[in-house]
Amino acid sequence: MSQPPPAPPSLEVLRKEIDSIDAQVHALLMQRGDIIDRLISVKQTQEVGSAFRPAREADMMRRLAQRHRGILPLDTVESIWRVIISTFTYVQAPFSVHADISLGESAMRDSARFHFGFTVPYISHFNANAAVDAVAWSKGDLALVSATSSRTPWWIALEASGAPKIIARLPFIERADHPAALPVFVVSRVADSAMVTEVEMWSVRVSGWNAEIARALSPLAEIVAVPDTAFDGAALLVSIAAPSSLEKITSALIEAGASVRSSALVGSHATRYTVPPNGAAKILADKS
């Protein structure tokens with residue numbers, strides 16, 4: 001005679017299991033805080049500016065997406081981890097986030113809060129130049145500016161030696177239904193060892209810019225262009241990932257009929273990482 005299946009656990013038992021897990025999560029967060037406290041004294045973070053580490057954070061978020069499974073939405077997991085990482089970064093060396101809201105405040109605020117939480121101070125600015133200028137005068141603050149369009153060539157201020165640079169592109173994990181999907185560049189000062197250089201960002205100023213030249217370059221690189229009427233040209237912010245190169249872009253510009261007036265490296269960031277609808281994360285192939 002077969003035995004009846006065991007009775008399912010009661011709600012009280014399951015809730016006790018949840019309470020136990022919650023207590024363990026809290027204990028681990030406090031343990032993480034203890035390690036950060038020791039890390040501060042080892043790294044002397046207060047003396048090197050921002051504690052933001054774009055290379056490490058991009059790698060952490062990629063691994064998070066790769067190992068995630070179960071019914072908990074990736075949005076929730078990513079948001080929790082972003083708050084944990086950003087808050088502990090803030091604890092190491094307090095900083096503020098300066099956001100350019102000239103192209104819309106709500107989406108930029110959502111991006112800032114999703115990626116940096118509510119502990120990190122949020123300061124809005126009416127244009128990208130003001131946000132970048134605020135970072136230039138700070139020790140370790142971050143500026144958030146649109147990665148796809150601009151009304152002014154704010155990146156020219158990053159050309160000088162010692163100026164802040166583009167250090168990251170948000171979101172770290174891209175997907176069609178991302179709750180903070182606005183493409184954003186992060187501008188700041190960080191140690192060279194913290195930079196990730198998979199995609200180089202170049203400021204290129206050209207003469208003879210027109211729509212035909214823009215179309216010729218579109219298959220080669222992502223470009224933000226601001227017209228420069230004084231020289232019948234444009235100031236370009238060009239994202240270049242291997243196997244492409246600045247020389248390849250320059251040659252394409254000249255071949256299309258433009259003249260390159262100047263070029264300067266103004267930062268770098270990690271290769272874009274996407275999670276398609278089927279959930280299989282992958283590196284997004286940059287144009288080359």
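What you see is a predicted model, and the numbers here were worked out from it, not measured in a lab.

About the thresholds
Residues numbered from 1 in each chain as written. Predicted model: local features only at pLDDT ≥ 70, side-chain atom pairs only at ≥ 80, totals over all residues. Heavy atoms only, no water. Core = buried A, V, L, I, M, F, W, Y, C linked by side-chain atoms within 4.5 Å. Buried < 20%, exposed > 50% of the residue type's maximum accessible area, 1.4 Å probe, protein only. Helix = DSSP H or I, 4+ residues; strand = E, 2+ residues; numbered from the N terminus. Arc of directions from axis to C-beta. Contact = heavy atoms within 4.5 Å. 1 Å grid on protein atoms, 1.4 Å probe; cavity = no way out; pocket = protein on both sides within 12 Å on 5 of 7 lines; lining within 4 Å. Points joined across faces, edges and corners; volume = space filled by probe spheres on them. Nonpolar A, V, L, I, M, F, W, Y, C, P; charged D, E, K, R; others polar. Phe/Tyr/Trp six-rings, centres within 6.5 Å; stacked < 30°, edge-to-face > 60°. Lys NZ or Arg CZ within 6 Å of the ring centre and 35° of its normal. Patch = residues over 30% accessible without salt bridge, like charges linked within 9 Å, V, L, I, M, F, W, Y side chains within 5 Å. Areas by Shrake-Rupley, 256 points an atom, 1.4 Å probe, with all protein chains shown as cover. Salt bridge = Lys/Arg side-chain N within 4 Å of Asp/Glu carboxyl O. pLDDT = per-residue confidence, 0-100.

A few points about the nonpolar core
Then step 1. In this structure, Phe52, Phe116, Leu144, Ile167, Phe172 and Val186 are the most contacted members of the largest nonpolar core, which totals 34 residues.
Then step 2. By size, the runner-up hydrophobic cluster in this structure holds 21 residues, among which are Ala131, Met201, Val224 and Val226.

Comments concerning helix H7 (residues 246-256)
Then step 1. Of the residues making up H7, those classed as buried are Leu246, Ile249, Ala252 and Leu253. Here the buried residues of H7 occupy an arc of 130° about the axis, which is enough to place them on one side. Turned more than 90 degrees away from the buried face of H7, the exposed residues are Glu247, Ile254 and Glu255.
Then step 2. Of the surrounding elements, those touching the buried residues of H7 are strand S7 (199-207), helix H6 (211-217), strand S9 (233-241) and strand S10 (259-269).
Then step 3. The first or second residue beyond H7 is Gly257, which carries a positive phi of 110°.

Section: empty space enclosed by the protein
Where empty space is left in the structure can be found by rolling a water-sized probe over the atoms.
Then step 1. Applying the stated rule across the entire model yields 1 cavity of 30 Å³ or more.
Then step 2. What lines the largest cavity is a set of 14 residues, among which Ala58, Arg169, Phe172, Ala270 and Thr271 lie closest to the centre.
Then step 3. Put simply, the parts of the chain that give the lining of the largest cavity at least two residues each are helix H2 (54-67) and strand S4 (165-170).
Then step 4. Among the residues forming the lining of the largest cavity, the class breakdown is 9 nonpolar, 2 polar and 3 charged.

Describing the packing of aromatic side chains
The description of two aromatic rings rests on the distance between their centres and on the angle between their planes.
Then step 1. The final tally for this structure, using the stated rule, is 4 aromatic pairs.
Then step 2. Seen from their ring centres, Phe95 and Phe116 are 6.4 Å apart, and the 80° between their planes marks the pair as edge-to-face. Pair noted here: Phe95 is in the loop between helix H3 (74-92) and strand S1 (97-100) and Phe116 is in helix H4 (residues 105-116), with a separation of 21 residues, a long-range link. For the pair formed by Phe95 and Phe116, the shared burial category is buried.
Then step 3. The rings of Phe52, Tyr90, Phe95 and Phe116 are connected pair by pair, giving a single aromatic cluster.
Then step 4. Directly above the ring of Phe116 sits Arg82, whose terminal nitrogen or CZ lies 5.9 Å from the centroid.

Some details on a nonpolar patch on the surface
Then step 1. A contiguous nonpolar surface patch, about 240 Å² in accessible area, is contributed by Ile21, Val25 and Leu29.
Then step 2. By the secondary structure assignment, Val25 is in helix H1 (residues 11-43).
Then step 3. Judged by its relative accessible area of 44%, Val25 falls in the partly exposed class.

Section: the confidence of the model for the chain
Then step 1. Scored by pLDDT, the chain comes out at a mean of 89, with 92% of its residues at no less than 70.
Then step 2. S1 holds the highest mean pLDDT among the elements of the chain, 98, whereas strand S12 (residues 282-283) holds the lowest, 56.

So, the pattern of salt bridges
Then step 1. Applying the stated criterion across every chain yields a total of 12 salt bridges.
Then step 2. Taking the shortest distance from any N to any O, the salt bridge between Glu105 and Arg109 comes out at 3.0 Å. Of this pair, Glu105 and Arg109 both sit in helix H4, separated by 4 residues, roughly a single helical turn.
Then step 3. Owing to a relative accessible area of 31%, Arg109 belongs among the partly exposed residues under this scheme.
Then step 4. Residue Asp228 is joined to Arg261 by a salt bridge in which the shortest nitrogen-to-oxygen separation is 3.3 Å. Taken together, the residues span a long stretch of sequence, with Asp228 in strand S8 (residues 222-228) and Arg261 in strand S10 at a distance of 33 residues.
Then step 5. Of the residues examined, Asp228 reaches a relative accessible area of 21% and is grouped as partly exposed.
Then step 6. The structure contains a network of salt bridges with shared partners spanning Arg169, Glu174, Glu222 and Arg272.

Structural notes on the environment of Gln24
Then step 1. Assignment of secondary structure puts Gln24 in helix H1.
Then step 2. A residue is classified by how much of its surface remains accessible, and Gln24, at 47% relative accessible area, is partly exposed.
Then step 3. Distance in space between the C-alpha atoms of Gln24 and Thr229 is 61 Å, their sequence separation being 205 residues.

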